[in-house]
Amino acid sequence: MGKPSLLYASPFAPMKSGISDYSEELIQDLAKRFDITLYIDDYNISNKIVKNFKVVRHGRDKIDFSLYDYKIYNIGNNPEYHDYIYESCLKYPGMVILHDMVLYYLFIGYYQKRGLLYSKTYEHEGLTEFLKLKHAVKENGPDLLAQKHMAERLSLNNELLKSDNKIMVHSFYAYHKILETNLVEKQRLAKINQFFKGEDSLITKAALFEKYNIPRDAYVVVSLGNIGTTKLNHEVCKAVQQLSQEGFSKLCYVMVGEGNYVDQYIDGKVIMKTGYVDAEEFNGFIEHSDLIFNLRNPSMGETSRTMLQIMEKGKVSVINEGGWFSEIPDECAIKVSLDHLNDELKTVLTEMMSNQKKAGLISKKAKEYIQDEYSGQKIVDQISEFISSK
């Protein structure tokens, strides 16, 4: 008896998306259970790791959705990558892996393109949300995709939740938020951890630090990814700058990513940024740093693949409560309060620079947590059971 057929919709490389990385890992293990056909937009996949999978392209190939035993749709908040997936999951329901609770950009982009934004907002979200959009346009102009503050006010996910799709999320935060809407019954919803495989970096510490002029004897703390207000880079910059002025001469803070909102703090010696780095260097900074800041405020309830990488490597990280981060056991990371953040960051930095024993305990617990809770086999078993359940 052959394996059941599965249509798997997701962006893949060269699309620059964390969901692309997620899917390229997940399908390798799902293929042990299912005969998979990848459903992509009209482009050619560049990653050789998926070259042996069958592929159908939206807009180019004729696709009979009824031929597949199961369908998985990856939904994120980017209309460029998920427009065709959103359309398909509404027409041909299956199982949605919902990577973002907030679908503001996807919904806006999808329906603006079709000239149906206001009618669909009123239909699925109601009068209050409809008026919020109208007010935003009146106050700030018609480009709603540029109005980032609106994403915090409008989730715009009701249409998807009301559809006949099963919904899979990666956190209890998202799970309970969805149940609170009363739009999804429990048997149609599952919390299954994010599939994750750790990656080793081949770049040496010497080569990495030499490239970015980082002193070899420094105590190196890093933030990873886009440099933006929600990552609270400015708070880390202030704390590091203050400690440096107080005599902590070996302290060095490296922001690994792009963004210019804290450029006034950068001096190239104590505080620096790398700009865009490739995957090898990104992983290298995880492996070769002493302490990692992974702060988020506000949280949209998203999980953090970077946080999984950090814990898998047994690195000590500093996070704040809120969203999915609240689900990480206290012994696996250092948690700080946003109420007195500057003082707490300075306390953490001074303590971790001198307390290797505590760092070792956090490292051990973080590794054990990933091994126990993020086993690839366990996650694939759960997905297979959920997708085939009645």
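Details of the structure are given in the entry above.
Below, the structure is looked at part by part.

The rules behind the values
Residues numbered from 1 in each chain as written. Predicted model: local features only at pLDDT ≥ 70, side-chain atom pairs only at ≥ 80, totals over all residues. Heavy atoms only, no water. Helix = DSSP H or I, 4+ residues; strand = E, 2+ residues; numbered from the N terminus. Rg over C-alpha atoms; globule rule 2.2 N^0.38 Å. Areas by Shrake-Rupley, 256 points an atom, 1.4 Å probe, with all protein chains shown as cover. Lys, Arg positive; Asp, Glu negative; His and termini not counted. Charge placed at Lys NZ, Arg CZ, Asp CG, Glu CD. Pairing = 2+ DSSP bridges. Axes fitted to C-alpha atoms, helices over the stretch in contact; angles between N-to-C directions. Salt bridge = Lys/Arg side-chain N within 4 Å of Asp/Glu carboxyl O. Buried < 20%, exposed > 50% of the residue type's maximum accessible area, 1.4 Å probe, protein only. Right-handed = clockwise from strand over helix to strand, strands pointing away. Expected span 1.5 Å × (residues − 1). Polar contact = N/O pair within 3.5 Å; in protein donor to acceptor, adjacent residues only side chain to side chain. 1 Å grid on protein atoms, 1.4 Å probe; cavity = no way out; pocket = protein on both sides within 12 Å on 5 of 7 lines; lining within 4 Å. Points joined across faces, edges and corners; volume = space filled by probe spheres on them. Nonpolar A, V, L, I, M, F, W, Y, C, P; charged D, E, K, R; others polar.

1. Here we look at the overall build of the chain
Then, number 1: What the chain contains, in helices and strands, is 14 helices and 13 strands.
Then, number 2: Taking 21 Å as the expected radius of gyration for a compact globule of 390 residues, we find that the chain reaches 22 Å, a close match to that expectation.
Then, number 3: With the C-alpha coordinates of the chain rotated into their principal frame, the extents come out at 65 × 55 × 35 Å.
Then, number 4: Total accessible area computed for the chain in this model is approximately 18,100 Å², and 48% of it derives from carbon and sulfur atoms.
Then, number 5: Each charge class in the chain was averaged separately, 48 positive and 53 negative side chains, and the resulting centres sit 2 Å apart.

2. Structural notes on the sheet that holds strand 9 (residues 251-256)
Pairing between the strands of a sheet is mediated by backbone hydrogen bonds and can be parallel or antiparallel.
Then, number 1: Strand order in this open sheet of 6 strands is 10-9-8-11-12-13, and the pairing throughout is parallel. A single partner strand is all that each edge strand has here, and the edge strands are strand 10 (271-273) and strand 13 (334-336). The sheet shows a mean angle of 25° between the axes of neighbouring strands, taken without regard to direction.
Then, number 2: Pairing analysis gives 6 bridges linking strand 8 (residues 219-224) to strand 9, with the strands arranged parallel. Residue Val 222 lies in a different strand from strand 9, and its bridge partner there is Val 254.

3. Quick word on the pattern of salt bridges
Then, number 1: A complete count under the given rule lists 23 salt bridges for this structure.
Then, number 2: Each of Asp 83, Glu 87, Lys 113 and Arg 114 takes part in one network of salt bridges that share partners.

4. Side note on the pairing of strand 8
In summary, the side chains of a regular strand alternate between the two faces of the sheet.
Then, number 1: When you tally the buried positions in strand 8, you get 6 out of 6 residues, the bulk of the element.
Then, number 2: Read as a crossover between parallel neighbours, the route from strand 8 over helix 9 (residues 233-245) to strand 9 is right-handed.
Then, number 3: Inspection of the sheet shows strand 8 paired to strand 11 (residues 291-293) by 3 bridges, in the parallel sense. Its bridge partner being in strand 11, Val 221 is matched across the sheet by Leu 291.

5. Focus on unusual backbone geometry
Then, number 1: At the junction of Ala 13 and Pro 14, the peptide bond is cis and its omega measures out at 20° in the coordinates.
Then, number 2: Position of Pro 14 among the secondary structure elements: in the loop between strand 1 (5-9) and helix 1 (18-30).
Then, number 3: The residue Leu 232 is not glycine, and still its phi comes out positive at about 60°.
Then, number 4: One can find Leu 232 in the loop between strand 8 and helix 9.

6. Looking at helix 1
Then, number 1: For helix 1, with 13 residues, the first-to-last C-alpha span of 18 Å sits near the 18 Å given by 1.5 Å per residue.
Then, number 2: With 10 of its 13 residues buried, helix 1 lies for the most part within the structure.
Then, number 3: Along helix 1, the residues classified as buried are Ile 19, Ser 20, Tyr 22, Ser 23, Glu 24, Glu 25, Leu 26, Ile 27, Asp 29 and Leu 30.
Then, number 4: Structurally, the start of helix 1 carries an N-cap: the backbone nitrogen of Ile 19 is 3.0 Å from a side-chain oxygen of Ser 17.

7. Brief notes about empty space enclosed by the protein
Then, number 1: Inspection of the entire model under this criterion finds 4 cavities of 30 Å³ or more.
Then, number 2: Quantified by volume, the second largest cavity comes out at close to 60 Å³.
Then, number 3: Residue lining of the second largest cavity: Ser 223, Leu 224, Gly 225, Asn 226, Ile 227, Lys 231, Asn 233, Met 255, Val 256, Phe 293, Asn 294 and Leu 295, and that is the complete set.
Then, number 4: Of all the elements in the fold, those that place two or more residues in the lining of the second largest cavity are strand 8 and strand 9.
Then, number 5: Across the lining of the second largest cavity, the residue classes break down as 6 nonpolar, 5 polar and 1 charged.

Any functional reading would require information beyond the geometric quantities listed.
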